[in-house]
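The lines below spell out each chain.
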Amino acid sequence: MEVDGGGWTLVASVHENNIDGKCTIGDNWSTDQGTTGSTSSSSWSNTRIFGNVEGATSDDYKNEAYFNIPANDVMIWHVPNNNPSSQWSNLASLKYFTNNSFLTQYGSNLRDLYKNHFPMERQEEFSVAENLDKYTATFEEKSSYIRSAIPSFYSYRYDSNNNNKIHDGGSDMYDNGNHVYVRSASSAWHRVVYDATHHDTDWSVTSTTQTHPFLALMYIENLGGHQSYFEIKVESGTGADGSGSYSSYTGDLSYDDYNMKYKTYNVYGADGADPSICEVYFVVYSREKGSIVSGSNLFSSNEWSSSDDDLVNSMRVNNNPRKVFLGYTLFSKSAGVIVSPTEVRNAMTNMLQSMAVFPQNFNCSRTEESVVAPIIFHTGTKQTVTNRIPSAQQSLTTAGFIQLRALNSIGYPFAMCPGVKTDSCYPSAYCIGSISMIGANSRSYGDFTDGTSTFHNLNASVLIFTRN
C-alpha cells in the first residue's frame, strides 16, 4: 500500500452485516454469542483470526499480522462494501494514518495495546451529575419556550425571604405554598432552597430555578443501583381555601431516544379568581443513553391530595433506577383558568425537547483513559470528517485523530473512533467495536452501533493497516 512511502500491511477490517443484530452472527469483533456478559477476550485483544483478505469488505477480517508483526503506526481506509481488493484504493472515501510511532509505547501491535495496556473491559463509571448545574443555569432561556405553550401564563411572584417557598405569589395564589422536598430510599426528606443545588452523595443531585415555570430537577445517578427509589414532594397551602375545584391526570411522551411520564395536580376556579395551580411531576429516561429503568410501577405516587387546599403530593421513581431524571414544575394561568391537558402536554413536550441535550452535549472527557493519536489525511480532509459531526456535538468531538479504547460515561469500552477524538458521554455515535455486556443498552454494542449511522456509512467497511 503505497501511502506515505508504503510498507503498510492490511491486518483487519470491521464490516457491519446487520445493524439490527447486536452481538449476533457476523459480529466477529465483539462476539456472536449474544449478551453473555463482560468478556476480556474480544477479538480486539485475542489471537483469533477470521475471514479472508479478498472478502475484507464483505465480512469481518483479521489475520495473524494483527498480533504477530511489530508495528509503529496505523492507517485506516473507509471502503464501500462488497468490492474486490483491486478497487479498494480507488473507492475509498477516506484514507488517513498516524506517523508518530505511538504503537511502540503499547507493545508494538494492536492486540497488545487492547490486552495489556487499555483492556476491552468495563471500567469505572463517570459521574455526569455535575453537569446538571450547567443545564439549569441555561433554563431561563429555555423556560420561555416551555411556557409559550400556555397562553396567559401567570408569572407568579417569588416573594419569600427564605427562598424556599412562595408566600403568596400574587393575587392570593398561595397561603404559603410550593415547599419542595427530595429524598432517596435511605435518606431523610431534604427541603430544597430555590436557585440552589443539593447533592445526595453518589446517588443524586437536585437543582432548582426561580424561573417561569419553576423547576426542581433531580438527576439520579444511583451509582451501583443501591437506592431502590427517589422521591419529590410538594406541600402547599392554597389561596382557594375550599372554594375551588381540583383534578389530576397522567400523560406519556417521547422525543428522539427519550421517554417522559408525567402526572398533574390542578387547583382552579376559586372564588376571587385566584391564579390556578398546575403541579406537574415527571420522570425522563433514555435506555439508549444509559438509563436503567424497569417495572410497571416505575413512576408512582406515594402521597396524593384530594382537595383544593393543604396539598401534599409526592411522586417517586422505583426499582433501583439509574441515569434518570425526576422533576417537578409549576404552571399557572390568570383568573383561575385551568391549564388544559393539551396545554400541559404541549408544554411538557417542549420541556422534554429542551432536556434531550443532557448529558450528551456535556463534557464527559475520558481521553486520559484512551490512546489518542493525530492523523494525516491522504484521501479526504479534516473538514470532510467534521461535516459528519452534528453541529451540537462539534465542541466535544474533534476530527483529525484516532482514539482507541474510548469509554462512555458508564464505563463501557469502544475499540476505535476512526478519524476523531471525543469527549462525549456517548462515544457510540462515533466509535466502533464495543463488547457484550449484560444489562447494556442493546443499541450500543456490536461491531457497529446504531448511533454510528449518522457518522459512519454503514455500507462501508473500515480497513485497518499497520506498518513498522
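Calculation rules
Residues numbered from 1 in each chain as written. Predicted model: local features only at pLDDT ≥ 70, side-chain atom pairs only at ≥ 80, totals over all residues. Heavy atoms only, no water. Helix = DSSP H or I, 4+ residues; strand = E, 2+ residues; numbered from the N terminus. Contact = heavy atoms within 4.5 Å. Areas by Shrake-Rupley, 256 points an atom, 1.4 Å probe, with all protein chains shown as cover. Pairing = 2+ DSSP bridges. Buried < 20%, exposed > 50% of the residue type's maximum accessible area, 1.4 Å probe, protein only. Polar contact = N/O pair within 3.5 Å; in protein donor to acceptor, adjacent residues only side chain to side chain. 1 Å grid on protein atoms, 1.4 Å probe; cavity = no way out; pocket = protein on both sides within 12 Å on 5 of 7 lines; lining within 4 Å. Points joined across faces, edges and corners; volume = space filled by probe spheres on them. Nonpolar A, V, L, I, M, F, W, Y, C, P; charged D, E, K, R; others polar.

S.K.: Explain the overall build of the protein residue by residue, including any values.
M.R.: Per the secondary structure count, the protein includes seven helices and 24 strands. Taking the intrachain contacts of the protein between residues at least 6 apart in sequence as the baseline, contacts between residues at least 24 apart amount to 68%. Taken as a whole, the protein presents about 17,200 Å² of accessible surface, with 44% of it coming from carbon and sulfur.

S.K.: Requested: an account of the sheet that holds strand 3 (residues 73–80), with residues and values cited.
M.R.: Pairing within the open sheet is antiparallel, and its six strands lie in the order 2-1-24-3-4-18. Edge positions in the open sheet fall to strand 2 (61–62) and strand 18 (376–379), since each of these has one partner strand only. As judged from the four bridges shared by strand 3 and strand 4 (residues 94–97), these two strands associate in the antiparallel manner. Within strand 4, the position partnered with Ile76 by the bridge is Tyr96.

S.K.: I'd love a proper account of the sheet that holds strand 15 (residues 311–317), names of residues and values included.
M.R.: Spatially, 6-5-10-15-14 is the arrangement adopted by the five strands of the open sheet, whose pairing is antiparallel. Two strands in the sheet have a free side with no partner beyond their single neighbour: strand 6 (190–191) and strand 14 (299–303).

S.K.: Can you tell me about the pairing of strand 11 (residues 245–255), naming the residues and giving the values?
M.R.: Sheet topology places strand 11 next to strand 12 (residues 258–268); 11 bridges connect them, and they run antiparallel. The residue bridging Tyr246 from the neighbouring strand is Val267, located in strand 12.

S.K.: Could you give an account of helix 3 (residues 110–117), with specific residues and numbers?
M.R.: Structurally, the α-helix is built with 3.6 residues per turn, so residues lying three or four positions apart point the same way. Within the sequence span of helix 3, burial applies to Leu110, Asp112, Leu113 and Tyr114. Those residues of helix 3 hidden inside the fold are in contact with helix 1 (65–68), strand 3, strand 17 (371–374), strand 20 (401–407), strand 21 (413–417) and strand 24 (460–467). The N-cap of helix 3, judged by a side-chain oxygen 3.1 Å from the amide nitrogen of Arg111 a few residues on, is Asn109.

S.K.: I'd like to hear about the environment of Ile389, residue by residue, with values.
M.R.: In this structure, Ile389 sits in the loop between helix 7 (382–386) and strand 19 (397–399). With relative accessibility at 3%, the residue Ile389 sits in the buried group. With 67 residues separating them along the chain, Ile389 and His456 place their C-alpha atoms 9.9 Å apart. With sequence-adjacent residues up to four places away left out, Ile389 is seen in contact with Gln394, Thr397, Ala399, Val420, Tyr430 and Phe455.

S.K.: Pulling in residues and values, what's your account of empty space enclosed by the protein?
M.R.: Inspection of every chain in the model, using the stated rule, returns four cavities of 30 Å³ or more. Estimated volume of the second largest cavity: approximately 50 Å³. Lining the second largest cavity are Met173, Thr238, Ala240, Val267, Tyr268, Gly269, Ala270, Asp274, Pro275, Ser276, Ile277 and Gly336. Grouping the constituent residues of the lining of the second largest cavity by class yields seven nonpolar, four polar and one charged.

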